[in-house]
Amino acid sequence: MICPKRTSELLDLHLAPFKDKDPAWEVGVSKIAGRGVMATRQLKRGEIIFQDSPLLIGLAAQEEDTLNACSICLKMLPDTRFMCRQGCGLPICSLCAKKKQHKSDCDMFKSWGPNEPDVANSVIIRLLCVARAINLTKDQRDLIYCLQANLDNNHRTEVRNAAKCFKNFPTDKKLVEIMNRTVAVLRTNGFDKTTDRTTDNQEFSYRALYPLFAVMNHDCIPNSYYTFEEKTNNMIVRAAVDIAEGEEITTTYTKLFTGNIARHLYLKMKKGFTCKCPRCSDPTEKGAYISGLYCRDTKCSGLVVPETTGLPHPNWNCLVCKQKSTHAQMMKSQDFASGAINAKVNSNSLRTLVHYLNEKSDSFIPSSNYVVIDAKMSVLQRLAHGREDCNEDLVSSTRLRYSRDIMQIMDKLGLGDSLLRTQLEQQLHKEEERRAKKQLELAAKQRQLADLEQRAAEADKLIALALAADDGAAAAVPPVPVAEPAALAPIAGEAAALAAPTAEQA
Ligand SMILES: [Zn+2]
Ligand SMILES: [Zn+2]
Ligand SMILES: [Zn+2]
Ligand SMILES: [Zn+2]
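Residues numbered from 1 in each chain as written. Chains lettered and ligands numbered in written order. Predicted model: local features only at pLDDT ≥ 70, side-chain atom pairs only at ≥ 80, totals over all residues. Heavy atoms only, no water.

Naming follows an unreviewed UniProt entry, where the protein appears as SET domain-containing protein of Drosophila virilis.

What follows is the structure, given as structure tokens:
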């Protein structure tokens with residue numbers, strides 16, 4: 001285990017710009033694994049615990065990413081002529097091209113001689129974050145060496161592949177070792193962030209190393225959450241729930257809405273450990289049933305959940321009839337449901353997808369299942385960009401319903417605050433406000449109408465009386481209560497014209 005004291009000293013140096021004299025955290029021995037970040041005092045939900053700045057940051061240049069983003073400010077660039085004119089093989093904006101950081105990147109990569117400097121190469125662009133470790137100070141590099149690194153067989157692949165893209169890639173063992181170590185640390189504790197889709201459907205992601213964040217341990221129900229300051233890319237970590245003094249501050253390395261087995265596999269394969277948090281130990285996931293499926297016995301209405309989560313292929317049990325199923329059997333159901341729902345997610349019609357989720361999917365997959373949650377999240381995301389082929393009422397009811405559904409699952413899991421919760425609450429609030437306003441407008445219209453009807457009735461009475469008075473003198477004819485509709489219409493119209501301003505004033 002790496003010494004917590006030395007780690008703390010190096011972290012203090014790294015975080016010095018934030019000048020936090022009385023930090024709410026300290027590095028200590030963790031009950032979860034090795035060392036972790038502990039609360040030095042009681043923390044209130046929403047309170048800032050710490051800020052962290054990226055020690056290393058760069059474009060992730062993954063397969064699905066567009067490569068025309070600036071290697072310094074990470075902003076999108078026009079899709080032609082975005083490469084550095086100096087021949088370093090990096091995309092750069094005109095402003096950042098003059099910055100000191102690019103001079104350092106540019107000199108390094110030019111000296112290595114990229115094979116095709118004018119062509120955007122994802123391997124070269126991806127390597128920059130790693131290669132920047134070479135130019136860090138000794139303390140900063142020591143901090144990297146203080147962080148957990150999964151030194152498995154694959155951690156050398158990235159640098160080895162990158163070497164092929166340059167004519168004079170360094171052969172110095174020490175430099176190569178620094179880069180390999182940095183890759184391993186980034187893979188274990190680095191941070192990957194995909195940008196929100198830009199308007200023309202391009203997206204890119206970046207990877208970064210936030211050292212204090214990297215010391216935090218994982219929990220599938222984290223007690224903290226983070227946001228970013230756009231200008232600096234600094235990370236702000238807040239308490240998601242009230243945290244007691246001495247309690248470990250945790251984050252999550254996985255997506256929140258994945259089932260126990262998927263999370264177990266991800267953590268095992270990517271992060272090299274088995275999570276033993278309360279959510280992972282509970283097959284129902286605190287009653288949220290994220291991986292729940294229907295019983296294979298069609299007469300039974302029970303939910304089926306995996307017997308245990310620490311195995312890749314567990315048996316599954318029905319919670320009602322107790323029937324056992326094999327993992328393969330249940331995966332067949334899951335694959336069928338995922339295929340059917342994802343086909344609708346990928347179709348162009350949002351209305352069809354919403355209709356399918358509201359009317360059809362419930363017959364073959366429980367609404368708590370992650371594939372349904374994911375589909376609802378994607379609907380909300382698409383609605384945030386426009387209403388596509390849905391009418392206003394459908395947009396409104398869908399926003400309300402899906403936001404509530406997802407928040408309900410978050411509550412079941414015991415998830416506190418998060419960026420997602422804030423967004424959902426905002427949507428819900430906006431939608432409720434819109435509905436309330438609409439209802440007020442409707443009530444006012446109804447009052448107006450009632451007023452008009454009353455006035456029309458009064459007018460009718462007056463007309464009947466006047467007609468009766470005219471006729472009464474001539475003969476004893478029974479009084480005519482109503483005028484001919486044709487004759488009444490213009491009078492009622494007048495009454496309406498008279499009533500309108502009064503009703504508006506009301
Ligand atoms: Zn830039
Ligand atoms: Zn350059
Ligand atoms: Zn867990
Ligand atoms: Zn059953």
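## Notes on the packing of aromatic side chains
We count it as follows: Pairing of aromatic side chains requires ring centres within 6.5 Å, counting the rings of Phe and Tyr and the six-membered ring of Trp. Pairs whose planes differ by under 30 degrees are stacked, by over 60 edge-to-face, and all others tilted. By the criteria applied, helices consist of DSSP H or I runs no shorter than four residues and strands consist of E runs no shorter than two, each listed in order from the N terminus. The buried label goes to any residue with under 20% of its type's maximum accessible area, the exposed label to any with over 50%, and the partly exposed label to all in between, with areas taken from a 1.4 Å probe on protein chains only. A positively charged side chain is recorded as over a ring if its NZ (Lys) or CZ (Arg) lies within 6 Å of the ring centre. The angle to the ring normal must also be within 35 degrees.
Summed over all chains, the structure comprises 16 aromatic pairs. Plain terms: the ring middles of Trp 25 and Phe 50 are 6.3 Å apart, the flat faces sit at 70 degrees to each other, and that makes the pair edge-to-face. One end of the pair, Trp 25, is in strand S1 (residues 25-29); the other, Phe 50, is in strand S3 (residues 48-52), with 25 residues separating them in the sequence. Accessibility expressed as a relative area gives 8% for Trp 25, which makes it buried. Within the aromatic cluster, the residues linked to one another by ring pairs are Phe 191, Tyr 210, Phe 213, Tyr 226 and Phe 228. The aromatic ring of Tyr 253 is capped on one face by Lys 271, whose charged end is 5.4 Å from the ring centroid. The lysine or arginine in question, Lys 344, covers the ring of Tyr 356, its NZ or CZ lying 4.7 Å from the ring centre.

## Quick notes on the coordination of the zinc ion (ligand 4)
Cut-off, in case you're wondering: We call an atom a donor if it is N, O or S and sits within 2.8 Å of the metal, or 3.2 Å for Na, K and Ca. Water is not counted, so some sites may look partial.
At 2.3 to 2.4 Å from the zinc ion (ligand 4) lie its protein donor atoms, namely Cys 295 (SG), Cys 300 (SG), Cys 318 (SG) and Cys 321 (SG). All donors of the zinc ion (ligand 4) belong to a single chain; written as a sequence motif, their spacing is C-x4-C-x17-C-x2-C. Of the two residues, Cys 295 is situated in the loop between strand S11 (293-294) and strand S12 (303-306) and Cys 318 in strand S13 (residues 316-318); the sequence distance between them amounts to 23 residues. In terms of burial, Cys 295 and Cys 318 fall into one category: buried.

## Topic: the domain arrangement of the protein
This is how it is decided: Throughout the structure description, domain borders are defined by an automatic or database domain assignment. Contacts between residues were defined by any pair of non-hydrogen atoms, one from each residue, lying within 4.5 Å. Put simply, buried area is how much 1.4 Å-probe accessible surface two parts lose in total, over both of them, once they are put together. A pair is scored as a salt bridge if a Lys or Arg side-chain nitrogen falls within 4 Å of a carboxyl oxygen belonging to Asp or Glu. As used in this structure description, the phrase polar contact means that two N or O atoms lie within 3.5 Å; if the pair is within protein, one of them must be able to donate a hydrogen and the other to accept it, and residues adjacent in sequence are counted only when both atoms belong to side chains.
What the domain assignment lists for the protein is domain 1 (4-53 + 212-253) and domain 2 (56-206). The interface of domain 1 with domain 2 comprises 15 residues on the first partner and 12 residues on the second. When residues of domain 1 are sorted by the area they lose upon contact with domain 2, Leu 10, Ala 214 and Asn 233 head the list and together hold 38% of the total. At the boundary of domain 1 and domain 2, one finds one salt bridge. The partner of Asp 142 in a salt bridge is Arg 6, and the shortest N-O contact between them spans 3.3 Å. Summed over the shared surface of domain 1 and domain 2, the result is two residue pairs in polar contact (both at pLDDT 80 or more). Counting only elements with at least two residues in the side of domain 1 that touches domain 2, the list comes to helix H1 (4-15), helix H7 (211-215) and strand S8 (224-228).

## Let's talk about the coordination of the zinc ion (ligand 2)
Note the threshold: A four-donor site is classed as tetrahedral when every donor-metal-donor angle falls between 85 and 135 degrees; four donors are called square planar, and six octahedral, when trans pairs exceed 155 degrees and all remaining angles lie between 65 and 115, with any other arrangement labelled irregular.
Here the zinc ion (ligand 2) is held by Cys 84 (SG), Cys 88 (SG), His 102 (NE2) and Cys 106 (SG), and the distances to it run 2.2 to 2.3 Å. Coordination geometry of the zinc ion (ligand 2): the four donor atoms subtend angles of 101 to 121 degrees at the metal centre, consistent with an arrangement described as tetrahedral. Donor residues for the zinc ion (ligand 2) sit on one chain with the sequence pattern C-x3-C-x13-H-x3-C. Here the residue Cys 88 occupies a position in the loop between strand S4 (56-59) and helix H2 (100-112), and His 102 occupies one in helix H2, the gap between them amounting to 14 residues. Judged by relative accessible area, Cys 88 falls into the buried class, the value being 0%. His 102 gets classed as buried once you look at its relative accessible area, which sits at 3%.

## Here we look at the confidence of the model for the protein
Note the cut-off: pLDDT expresses, on a scale from 0 to 100, how confident the predictor is about each individual residue.
Looking at the protein as a whole, its pLDDT mean stands at 88, while 91% of the residues score no less than 70. Across residues 485-506, where pLDDT falls below 50, the model places 13 contacts with residues more than four positions away in sequence or in other chains.

## Quick look at helix H4 (residues 138-146)
Turning to H4, its buried residues are Arg 141, Leu 143, Ile 144 and Cys 146. Contact partners of the buried residues in H4: H1, strand S2 (35-39), S4, helix H6 (173-189), strand S6 (205-209) and H7.

## Focus on the environment of Thr 252
Note on placement: Thr 252 falls in the loop between strand S10 (248-251) and helix H8 (260-271). For Thr 252 and Pro 306, which are 54 residues apart along the polypeptide, the C-alpha to C-alpha distance reads 22 Å. Setting aside residues up to four positions removed in sequence, Thr 252 forms contacts with His 218, Asp 219, Cys 220 and Pro 222. Within the structure, Thr 252 has its side chain in polar contact with the backbone nitrogen of Thr 254 (distance 3.3 Å).

## A closer look at the sheet that holds S10
Just so we agree on the cut-off: Two strands qualify as a pair provided DSSP detects at least 2 bridges between them. Note on definitions: angles span 0 to 180 degrees between N-to-C directions of axes, and those axes are lines fitted to C-alpha atoms, for helices only across the stretch in contact.
Taken together, four strands build an open sheet; the order of strands is S1-S2-S10-S7 and the sheet is mixed. A single partner strand is all that each edge strand has here, and the edge strands are S1 and strand S7 (217-218). Relative to S10, S2 runs antiparallel, the two sharing two bridges. Across the sheet, Met 38 pairs through a bridge with Glu 248, a residue of S10. Packing against the sheet, H1 makes contact with S1 and S2, and its axis sits at approximately 160 degrees to S1.

## Some details on the UniProt feature "coiled-coil region" (unreviewed entry) in the protein
Definition in use: UniProt positions are given in the numbering used here, feature names are shortened, and annotations may be inferred rather than shown by experiment.
The sites that carry the UniProt feature "coiled-coil region" (unreviewed entry) are, in the present numbering, residues 421-469. Secondary structure content for residues 421-469 is 100% helix and 0% strand, while the C-alpha to C-alpha distance between its ends is 72 Å.

## Notes on the pairing of S10
What you see with S10 is no split at all: Glu 248 and Thr 250 on one side and Ile 249 and Thr 251 on the other are buried throughout. Both S7 and S10 contribute to a ladder of two bridges, which runs parallel. Residue His 218 lies in a different strand from S10, and its bridge partner there is Thr 251.

## A word on the sheet that holds S4
One open sheet accounts for three strands, arranged S4-S6-S5; its pairing is antiparallel. In the strand order of this sheet, the two ends are held by S4 and strand S5 (191-194), each with one partner. Each strand axis lies, on average, 20 degrees off the axis of its neighbour in the sheet, ignoring direction. With four bridges connecting them, S4 and S6 associate as antiparallel partners.

## What about helix H12 (residues 370-385)?
The periodicity of an α-helix, 3.6 residues per turn, causes residues three or four places apart in sequence to face the same way. So the rule is basically this: In this scheme, a helix's expected span is set at 1.5 Å multiplied by one less than its residue total.
Spanning 16 residues, H12 covers 23 Å between terminal C-alpha atoms, matching the ideal 22 Å at 1.5 Å per step. Where H12 is concerned, the buried positions are Val 371, Val 372, Ile 373, Ala 375, Lys 376, Ser 378, Val 379, Leu 380, Arg 382 and Leu 383. Residue Asn 369 occupies the N-cap position of H12, its side-chain oxygen lying 3.0 Å from the main-chain nitrogen of Val 371. Phi turns positive, to about 150 degrees, at Gly 386, one or two residues after H12.

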